[in-house]
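Spelled out, the chains give:
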Amino acid sequence: MQKMAIFQCFLFFLLISYATACDRCVHHTKVAYFSTASALSSGACGYGSLALGFHGGHLAAGVPSLFKDGAGCGSCFQIRCKNTTLCSRAGTTVILTDLNYNNQTDFVLSSRTFIAMANKGMGQQILKLGLVDVEYKRVPCNYNKQNLAIRVEEMSKKPNYLAIKVLYQGGQTEIVGMDVAQVDSSRWTYMTRNYGAVWDTSNAPSGPLQFRFVVTGGYDGKWIWAKKKVIPADWKAGEVYDTGVQISDIAQEPCYPCDDENWR
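Residues numbered from 1 in each chain as written. Predicted model: local features only at pLDDT ≥ 70, side-chain atom pairs only at ≥ 80, totals over all residues. Heavy atoms only, no water.

What to know about the state of the cysteines
Right, so step 1: Within this structure, the stated rule accounts for three disulfides.
Right, so step 2: With a sulfur-sulfur separation of 2.1 Å, C45 is cross-linked through a disulfide to C73. Between C45 and C73 the disulfide shows an S-S torsion of about -90°. By sign, it is left-handed. Of this pair, C45 sits in the loop between α2 (38-41) and β2 (59-62) while C73 sits in the loop between α3 (64-67) and β3 (76-81); the two residues are 28 residues apart in sequence, bridging distant segments of the chain.
Right, so step 3: You can call C45 buried: its relative accessible area is 0%.
Right, so step 4: Each sulfur of the disulfide joining C76 and C141 lies 2.1 Å from the other. The sign of the S-S torsion, about 115°, decides the handedness of the disulfide formed by C76 and C141: right-handed. Taken together, the positions of C76 in strand β3 and C141 in the loop between β6 (132-139) and β7 (149-152) put the pair 65 residues apart, joining distant regions of the chain. For the residue pair C76 and C141, the accessibility class agrees, reading buried in each case. (Disulfide = S-S within 2.5 Å. Helix = DSSP H or I, 4+ residues; strand = E, 2+ residues; numbered from the N terminus. Buried < 20%, exposed > 50% of the residue type's maximum accessible area, 1.4 Å probe, protein only.)

Have a look at this one:
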């Protein structure tokens with residue numbers, strides 16, 4: 001009981017720390033680009049080549065305040081450049097897959113994403129600029145009814161060490177906690193974030209496994225329970241397993257006055 005109380009207190013402060021960023025406000029910055037998306041797919045979130053299939057390869061590296069020690073991995077942002085001659089009003093949507101250490105830009109984009117901000121026929125012109133002024137805000141991720149999935153990482157070693165990567169996290173939330181248990185057991189094992197979107201435990205239960213997640217949702221956190229059996233007893237590294245659930249929550253932030261700000 002005491003351990004649970006300590007965990008809940010820790011979780012409360014963790015949620016508050018993530019909720020103070022006010023991601024859904026409109027922010028202003030500059031963005032640059034990488035010539036290839038592979039530079040971003042192999043980044044700090046650990047998605048690897050799988051990231052190239054996210055949002056058509058519209059990938060971005062974000063500064064630490066957006067990366068959030070890995071909790072920001074997989075979050076989506078709408079970005080548009082301010083040059084109305086070259087750029088469209090709609091801009092484009094990107095998914096965060098890497099950490100950007102350049103404090104002069106909040107994002108570094110893939111070249112495909114950079115071009116996607118441009119009006120038709122203006123792609124090469126915007127590339128020549130290399131660096132543009134933009135405005136951006138966080139938006140919900142939509143994977144077209146794709147369920148949240150778990151990939152077992154190659155560094156996993158039976159019977160005790162299990163490392164997983166979380167994929168296709170929809171909505172506008174962060175996963176801030178994760179537990180694993182044997183199917184039909186009430187003995188849950190707490191997993192920790194190893195890096196980026198990768199979570200692990202050195203005390204993995206045996207047998208088929210079930211998972212539950214804590215996500216930011218509303219003004220607080222909430223538990224998301226995956227289907228009863230997510231990973232089979234004979235799980236294999238490199239395999240992707242369907243959790244049977246979709247995350248569509250939108251975390252609410254006390255961001256007044258930007259709560260009422262319209263992006264025209």
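Structure shown, so let's carry the discussion forward.
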